[in-house]
Amino acid sequence: MSGRTYDVVLLPGDGTGPEVIREGQKVLEALQEDGVSRLRFTPVAGGAQYYQSHGTEWEPGGEARARQADAILLGAVGWPGVSLPDGNIAGHGLVLGMRFGLDLYANIRPCRLYPGVLHRIGSEFKQVWSPQDVDMVIFRENTEGLYTPAHGTLSRGGSTEVAIDNRIITRKGSERIIRRAFEAARRRPRGAPEDGVKRVTCVDKANVLAGCRFFREVFSEVAREFPDIETEFSYVDAFAQWLVRQPAHYNVVVTTNMMGDIVTDLASVLQGGMGFAAGGNVGDHHGMFEPVHGSAPKYAGKNQVNPFATFQAAILMLEWLAERHHDEGLRSDAQRLERAVTETLQSGRARTYDQGGTARTSDVGDRVVEALRGGTP
Ligand code: IPM
Ligand code: MN
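Now for a quick tour of the structure. (Residues numbered from 1 in each chain as written. Chains lettered and ligands numbered in written order. Predicted model: local features only at pLDDT ≥ 70, side-chain atom pairs only at ≥ 80, totals over all residues. Heavy atoms only, no water.)

**Observations regarding the environment of Gly13**
Next up, step 1: Relative to the helices and strands, Gly13 resides in strand 1 (residues 5-13).
Next up, step 2: A relative accessible area of 17% places Gly13 in the buried class.
Next up, step 3: Taking the C-alpha atoms as reference points, Gly13 and Glu370, separated by 357 residues in sequence, lie 27 Å from one another.
Next up, step 4: When sequence neighbours within four positions are dropped, the list of residues in contact with Gly13 reads Pro18, Gly46, Gln49 and Ala76. (Helix = DSSP H or I, 4+ residues; strand = E, 2+ residues; numbered from the N terminus. Buried < 20%, exposed > 50% of the residue type's maximum accessible area, 1.4 Å probe, protein only. Contact = heavy atoms within 4.5 Å.)

What follows is the structure, given as C-alpha cells:
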C-alpha cells in the first residue's frame, strides 16, 4: 500500500536530544517534498529535564500517544543529578519503559563505516578502517537479561549492605532475538566483508554462565532452521578484541542484553564514533528508533553535536515502516535519504567537532536537505 500517512511521535528528551531531533525532522520533511508516503509528526515532551520542572517523566497524555504511534523517534534522555525516587535515572520511562511496555525485544544496531568518516584516535582524526571492512549488524536482546527489574538492595538499620541484580534468560526471549538475527543474515544482500559469507556470531560467556549456556543451546536449535547461514560462537571477552582487530569478519552478531549494551558502544568506534551510531528498538508491533549517543549535557544547546546518528535512526525507521506496511514508496524514500547522507559525508564538508571539523548541527542538516533536493551537499 502506498500513499498512506504514518504517525511518528518525536521524543526529543534531554540535552542535545532536541537539537538532533530537529535536524531529523528537517531532513524527513525535505524527503517528503517528492515522496509518496507522508509522515505526521507529533512531538511529545518528556525526560529528565521535564521531570525536574514538572514532576512527571511524560507530558500529560504523552505516553499514550507514543504507544499508539506508528513509530517513535527518540532523541536522548538523562540529565546529571536528576533521578526518580526508585533510584532509576529520570527519563527511564521513555527508554526502558517503552522497551518493556511495548515489548521491543530486539535492539538492532547496524555498524557500518561510511566513506569520508574518520576515526578519532587520541587527539587525531584518521582513517583506520575502510568502508569495505566494516558492515555488520548487532542484535541485542532488549527485554530481559540483567535489565529485568529483578533486583534490589538489602538495607538494615538504614545502611545498604547488599545489592543484587538477577539475570533472567528465557527461552522465549532468546529464541525471538536469535531468530531475528538469522532472518537478517538471510535478507542482507552481502555476507561478511572479509569473505562474503553469511554468518551469525553468537556472543556469550557460556564458559561460566548458565544463562549463556542456555542462550547457546537455543541458538543451536534456531540455527537448524537456517542451514544456509554459517554459525560461530565467541566468548564476549575474546569477541571484544576480535571486533576491533578484525571487524571485516563480522556480518550478524547476536547477544544478550548487557553484553550487547557494551559491545555495541565498542563497535561504534569502528563506524566513526557515537555520532554515527543509531539503534532500532523493535518488537512485533512497535518500533522506536534512536541515536544512541545520549544527552551529552556538556554540548547541550550549542548546536555542535553530530546529527548523523539521528539520520541513521530515521533511515532505520523508514525501512522498518516500509517492511511492516509493504510500502514501496517509503522504501525508496529510505534509499534516497541514505544516498543524500552518503553524499554529504563523502563531500567532507559537513564535519562536526567529533570529526575534527567546525560544522554546526544545523549546517549538517542543511547539507543533507541540499543533497536531497539534488544540489551539491
Ligand atoms: C542504550 C543505552 C540505554 C541502555 C540506557 C540509556 C538505559 O545505553 O540504548 O544502549 O543501557 O540500554
Ligand atoms: Mn548503551
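Structure shown, so let's carry the discussion forward.
**Observations regarding the layout of surface pockets**
Rolling a probe over the atoms, with the probe sized like a water molecule, indicates the empty space that remains.
Next up, step 1: Within this model, the largest pocket holds a volume of roughly 1,200 Å³.
Next up, step 2: If you trace the largest pocket, you find 37 residues lining it, with Pro110, Arg187, Arg188, Leu316 and Glu319 closest to the centre.
Next up, step 3: Secondary structure elements with two or more residues in the lining of the largest pocket: strand 4 (106-112), strand 7 (135-141), helix 5 (171-187), strand 13 (278-282), helix 9 (308-324) and helix 10 (328-347).
Next up, step 4: Counting residues per element, the lining of the largest pocket draws most heavily on helix 9, at seven residues. (1 Å grid on protein atoms, 1.4 Å probe; cavity = no way out; pocket = protein on both sides within 12 Å on 5 of 7 lines; lining within 4 Å. Points joined across faces, edges and corners; volume = space filled by probe spheres on them.)

**A look at empty space enclosed by the protein**
Next up, step 1: Within the structure shown, the criterion is met by two cavities of 30 Å³ or more.
Next up, step 2: Here the largest cavity defines a volume of roughly 50 Å³.
Next up, step 3: In terms of residue class, the lining of the largest cavity is built from five nonpolar, four polar and one charged.
Next up, step 4: For the second largest cavity, the calculated volume is near 30 Å³.
Next up, step 5: What lines the second largest cavity is simply Leu28, Leu31, Gln32, Ser37, Leu39, Leu318, Leu330 and Asp333.
Next up, step 6: Looking at the lining of the second largest cavity, the elements that each hand over two or more residues are helix 1 (17-31) and helix 10. (Nonpolar A, V, L, I, M, F, W, Y, C, P; charged D, E, K, R; others polar.)

In short, geometric facts, not functional conclusions.
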